[in-house]
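A look at the structure
The primary structure of each chain is shown beneath.
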Amino acid sequence: NVAFSVKSNRNYIFNMYDGSTNPIFALKQDGKLTLGALSGGSLLNVKGNASFGNTYYNIAAPTNGAIIEGNLGIGTSTPIAQLQVEGANGSNAALVVDQLNNGDILSASSSGTTRFRIANNGNTYIGGALDVTGATSLNGTTSVTGSNTFTVGTGLTTLGGALNVAGTQTFN
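Residues numbered from 1 in each chain as written. Predicted model: local features only at pLDDT ≥ 70, side-chain atom pairs only at ≥ 80, totals over all residues. Heavy atoms only, no water.

**Notes on the pattern of salt bridges**
Going through the model one piece at a time under the given rule, you end up with two salt bridges. In this structure, the salt-bridge partner of D30 is K32, at a minimum N-O distance of 3.9 Å. Assessed through its relative accessible area of 47%, D30 is described here as partly exposed. Two residues, D104 and R117, come together in a salt bridge whose shortest N-O distance is 3.0 Å. Here the residue D104 occupies a position in the loop between β9 (83-85) and β10 (106-110), and R117 occupies one in strand β11 (residues 113-118), the gap between them amounting to 13 residues. On the basis of relative accessible area, R117 is assigned to the partly exposed category, the value being 25%. (Salt bridge = Lys/Arg side-chain N within 4 Å of Asp/Glu carboxyl O. Buried < 20%, exposed > 50% of the residue type's maximum accessible area, 1.4 Å probe, protein only. Helix = DSSP H or I, 4+ residues; strand = E, 2+ residues; numbered from the N terminus.)

**Describing the sheet that holds β10**
Ordered in space as β10-β11-β12, the three strands form an open sheet in which the pairing is antiparallel. The open sheet has two free edges, formed respectively by β10 and β12 (124-126), since each of these has just one partner strand. Direction aside, the axes of adjacent strands within the sheet are offset by 25° on average. Bridge count for β11 against β12 is three bridges, and the pairing is antiparallel. From the neighbouring strand, F116 faces β12, where its bridge partner is I126. (Pairing = 2+ DSSP bridges. Axes fitted to C-alpha atoms, helices over the stretch in contact; angles between N-to-C directions.)

**Quick look at the side chain of K28**
Considering the arrangement of structural elements, one finds K28 in strand β3 (residues 23-28). The buried charged residue K28 lacks any salt bridge, with D30 as its nearest oppositely charged partner at 4.8 Å. Sequence-distant contacts of K28, defined by excluding residues within four places in its chain, comprise N11, Y12, I13, L38 and S39. (Lys, Arg positive; Asp, Glu negative; His and termini not counted. Contact = heavy atoms within 4.5 Å.)

**Some words on the packing of aromatic side chains**
Under the defined criterion, the tally for this structure stands at one aromatic pair. Taking the ring centre of Y125 as reference, the NZ or CZ of R117 above it sits at 4.1 Å. (Phe/Tyr/Trp six-rings, centres within 6.5 Å; stacked < 30°, edge-to-face > 60°. Lys NZ or Arg CZ within 6 Å of the ring centre and 35° of its normal.)

**A closer look at a nonpolar patch on the surface**
On the surface, a cluster of nonpolar side chains totalling about 820 Å² of accessible area is made up of F52, I68, L72, I74, L83, V85, L95, V97, I105 and L106. For V97, the position within the fold is in the loop between β9 and β10. What makes V97 partly exposed here is its relative accessible area of 46%. (Patch = residues over 30% accessible without salt bridge, like charges linked within 9 Å, V, L, I, M, F, W, Y side chains within 5 Å. Areas by Shrake-Rupley, 256 points an atom, 1.4 Å probe, with all protein chains shown as cover.)

**A short note on the pairing of β11**
In this sheet, β11 lies alongside β10 in antiparallel orientation, the contact comprising five bridges. Across the sheet, S107 pairs through a bridge with R117, a residue of β11. Where β10 hands over to β11, the hairpin turn is made up of two residues, of which S111 adopts a positive phi near 55°. Adjacent in sequence and paired antiparallel, β11 and β12 are bridged by five residues, among which G122 carries a positive phi angle near 95°.

**As for the environment of D98**
Tracing the backbone shows D98 in the loop between β9 and β10. As a C-alpha pair, D98 and N120 span 22 residues in sequence and 9.6 Å in three-dimensional space.

**Description of unusual backbone geometry**
For residues besides glycine, phi is generally negative; the peptide bonds are generally trans as well. Phi is positive for N64, close to 55°, though the residue is something other than glycine. Structurally, N64 can be placed in the loop between β6 (50-52) and β7 (66-68). Residue class for N64 comes out exposed when judged on its relative accessible area of 63%. Although it is not a glycine, S111 sits at a positive phi angle of roughly 55°. Within the fold, S111 resides in the loop between β10 and β11.

This is a description of form; function is not addressed.
In structure tokens:
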């Protein structure tokens, strides 16, 4: 029981309803295609959820969300990872993550084991080796816990012991 109309003398070239008054999709004369509503602000508008991909097309996406099969590129047409973000935004960040609730800001895992996370309070946790190259500054309280063995060097390219210092240093 589907009703539709083709109108070229109004705002719509084509629109379809579910047999009642609920719109299924609309194609407007300005080229905007809207799914689940009669109007939208962009060239493609989806009211509800969306699934993209060769096998994902038949899987229900989260309510008002989307699922995408394959790589997703933002700012690139050739993503080489599940998510690749590229941008030339001047002094703006290429990626902004704003956690509005209590959870972690970022969590990265390998086979279900958390390897790196940034907590909501700004603390950073690393579940593996840390290799730092270049100038590094540690401010505030810094601690190393556990049975870790590490070597610290400053002003040197070759380390010979647990603490290596070259040049004039001041320790307080």
